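Working through the structure, step by step
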Amino acid sequence: MTIRAYVPLVGFVVPTVIIGYGIVIPRSCIAGVNELTIGFASSIVGACVAYGLGVRAALRGRQT
């Protein structure tokens, strides 16, 4: 697996975390650690897992 395949994932995760946890959540009524901020984090982790499995499946399909 190449690092180049994960550049789009980094391009999604880094701004999402910076904007979400750095700007939006602290200024809203859900500030702090609660169910909503944990749910937001789990959605980002889920996107990373899905992307990683998709890249792995695509690379495996290309090699056969």
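Each remark here, short or long, concerns the structure printed above.
Residues numbered from 1 in each chain as written. Predicted model: local features only at pLDDT ≥ 70, side-chain atom pairs only at ≥ 80, totals over all residues. Heavy atoms only, no water.

**Observations concerning the overall build of the protein chain**
Summing up its helical and strand segments, the protein chain has 2 helices and 0 strands in all. In terms of overall size, the protein chain is more extended than a compact globule, its C-alpha atoms giving a radius of gyration of 15 Å where 64 residues would be expected to give roughly 11 Å. Structurally, the protein chain occupies a C-alpha span of about 50 × 20 × 10 Å along its principal axes. Here the protein chain holds 64 residues, and 17% of them are scored as buried. Approximately 4,800 Å² of the protein chain is accessible, and the part contributed by carbon and sulfur atoms is 71%. (Helix = DSSP H or I, 4+ residues; strand = E, 2+ residues; numbered from the N terminus. Rg over C-alpha atoms; globule rule 2.2 N^0.38 Å. Buried < 20%, exposed > 50% of the residue type's maximum accessible area, 1.4 Å probe, protein only. Areas by Shrake-Rupley, 256 points an atom, 1.4 Å probe, with all protein chains shown as cover.)

**A look at helix α1 (residues 7-24)**
Here α1 is 18 residues long and its end C-alpha atoms lie 24 Å apart, about the 26 Å a rise of 1.5 Å per residue gives. Here α1 has its buried residues at Leu9, Val13, Thr16 and Gly20. The buried side chains of α1 occupy one side of the element, clustering within an arc of 75° when seen end-on. Of the exposed residues in α1, the ones pointing more than 90 degrees away from its buried face are Val7, Ile18 and Gly22. (Expected span 1.5 Å × (residues − 1). Arc of directions from axis to C-beta.)

**Some points on a nonpolar patch on the surface**
On the surface, a nonpolar cluster with roughly 510 Å² of combined accessible area is contributed by Val10, Val14, Ile18, Ile19, Ile23 and Val24. Topologically, Val24 is positioned in helix α1. (Patch = residues over 30% accessible without salt bridge, like charges linked within 9 Å, V, L, I, M, F, W, Y side chains within 5 Å. Salt bridge = Lys/Arg side-chain N within 4 Å of Asp/Glu carboxyl O.)

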